[in-house]
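Results of the structural survey
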Amino acid sequence: NCNMKGKHMNRETAKKRLGEILKREMIKELQHLYIKQDKNGVYTLFNEYKVKQNTDGYFSITYKHFEQPKTFSSIRHAVSFTVLHKHNNTTQARELEQLDNKLSSVAVELRQHKRLMQHSKDLDSFFIFETKIQSDTDKKQFILKELRQHINSSKRFQDSLFDQKLERDKALKFRKRR
């Protein structure tokens, strides 16, 4: 009876040890989903992309294979770009980058047209700028809609990678059990 108790304890200890190893492996596997922030506010994604906010409010991404940093108007766009780029979805990543640039240009035009409309001297120029503002607003809405699609696909991509990881783990545990 005493002997059985010893064996049972060893099995428990082994199980606990295995649990710790699995936890460590899981953490290692999840590093590709990982975001860290240092004391200077610089984010590191996937242990290789660095995202920081510039003095102009934009966010730049540096990565060893980029000739120069890539700049985005929001942290959300920067992170989505990084997810797509990291997982070789380069076409969508490039489209997201271009859309973000277009959004920035439209925002500048919108500000200019609003300023010009406020200072317009006659009704004709007032209506011209009002029309331009409407056009800028429509463009902005269209770009935002396109960006949302890319951001959602980046999220879906991340979720599916996470699910694949969980499925692989389950399959591994199942094989070990049999």
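Above this text you will find the structure in question.
Let me begin by describing the structure that accompanies this report. (Residues numbered from 1 in each chain as written. Predicted model: local features only at pLDDT ≥ 70, side-chain atom pairs only at ≥ 80, totals over all residues. Heavy atoms only, no water.)

So, on to a positive patch on the surface. Side chains of Arg 76, Lys 145, Arg 148 and Lys 155 sit close together on the surface and give a patch of like positive charge. Of the residues forming the positive patch, the biggest block, three residues, is contributed by helix α4 (residues 123–177). Tracing the chain through its elements places Arg 148 in helix α4. (Patch = residues over 30% accessible without salt bridge, like charges linked within 9 Å, V, L, I, M, F, W, Y side chains within 5 Å. Areas by Shrake-Rupley, 256 points an atom, 1.4 Å probe, with all protein chains shown as cover. Salt bridge = Lys/Arg side-chain N within 4 Å of Asp/Glu carboxyl O. Lys, Arg positive; Asp, Glu negative; His and termini not counted. Charge placed at Lys NZ, Arg CZ, Asp CG, Glu CD. Helix = DSSP H or I, 4+ residues; strand = E, 2+ residues; numbered from the N terminus.)

This next bit is on the pairing of strand β3 (residues 49–53). In terms of strand pairing, strand β2 (residues 43–45) meets β3 through three bridges, oriented antiparallel. Residue Thr 44 lies in a different strand from β3, and its bridge partner there is Lys 50. Hairpin connection from β3 to strand β4 (residues 59–62): five residues lie between these consecutive antiparallel strands, with Gly 57 at a positive phi of about 90 degrees. (Pairing = 2+ DSSP bridges.)

What follows deals with the packing of aromatic side chains. As enumerated under the stated definition, the model contains seven aromatic pairs in all. With centroids separated by 4.2 Å and ring planes inclined at 10 degrees, the aromatic side chains of Tyr 49 and Tyr 63 adopt a geometry described as stacked. Separated by 14 residues along the polypeptide, Tyr 49 in strand β3 and Tyr 63 in the loop between β4 and β5 (70–72) bring together distant segments of the chain. The class of Tyr 49 is buried, set by a relative accessible area of 1%. (Phe/Tyr/Trp six-rings, centres within 6.5 Å; stacked < 30°, edge-to-face > 60°. Buried < 20%, exposed > 50% of the residue type's maximum accessible area, 1.4 Å probe, protein only.)

Across its twelve residues, helix α2 (residues 75–86) extends 16 Å between first and last C-alpha, which sits within 8% of the 16 Å expected from 1.5 Å per residue. Within the sequence span of α2, burial applies to His 77, Ala 78, Ser 80, Phe 81, Thr 82, Val 83, Leu 84 and His 85. A positive phi of about 60 degrees marks Asn 88, the residue just after α2. (Expected span 1.5 Å × (residues − 1).)

Picture the strands of a sheet paired through backbone hydrogen bonds; they go either parallel or antiparallel. Strand order in the open sheet formed by five strands is β1-β2-β3-β4-β5, and the pairing between neighbours is antiparallel. Because the sheet does not close on itself, it has two edges, and the strands there are β1 (35–37) and β5. With direction set aside, neighbouring strand axes in the sheet form an average angle of 25 degrees. Of the strand pairs in this sheet, β3 and β4 are connected by four bridges, and their pairing is antiparallel. Paired with Gln 53 across the two strands is Phe 59, which belongs to β4. (Axes fitted to C-alpha atoms, helices over the stretch in contact; angles between N-to-C directions.)

A few words now on unusual backbone geometry. Most peptide bonds are trans, and most residues other than glycine sit at a negative phi. For Phe 46, which is not glycine, the phi dihedral falls at a positive 55 degrees. Relative to the helices and strands, Phe 46 resides in the loop between β2 and β3. A positive phi angle, close to 60 degrees, is found at Asn 88, a residue other than glycine. Position of Asn 88 among the secondary structure elements: in the loop between α2 and α3 (90–118).

Let us now look at the nonpolar core. One broad rule of soluble globular proteins: the nonpolar side chains tend to lie buried together. The biggest cluster of nonpolar side chains holds 21 residues, and the ones touching the most others in it are Tyr 49, Ile 61, Phe 81 and Leu 96. For this core, the elements supplying multiple residues, two or more each, are β3, β4, α2, α3 and α4. Per-element accounting of this core gives the leading share, five residues, to α3. Not counting the four nearest positions on each side in its chain, Ile 61 is found in contact with Tyr 49, Lys 50, Val 51, Phe 66, Pro 69, Lys 70, Phe 72, Ala 78, Phe 81 and Thr 82. (Core = buried A, V, L, I, M, F, W, Y, C linked by side-chain atoms within 4.5 Å. Contact = heavy atoms within 4.5 Å.)

All told, the structure shown has four salt bridges when counted by the stated rule. One salt bridge connects Lys 64 with Glu 48, and the closest N-O pair in it is separated by 3.6 Å. Note that Lys 64 is positioned in the loop between β4 and β5 and Glu 48 in the loop between β2 and β3, a separation of 16 residues in sequence. With relative accessibility at 63%, the residue Lys 64 sits in the exposed group. For Glu 48, a relative accessible area of 24% puts it in the partly exposed group. Glu 109 serves as the salt-bridge partner of Lys 139, at 3.7 Å between the closest nitrogen and oxygen.

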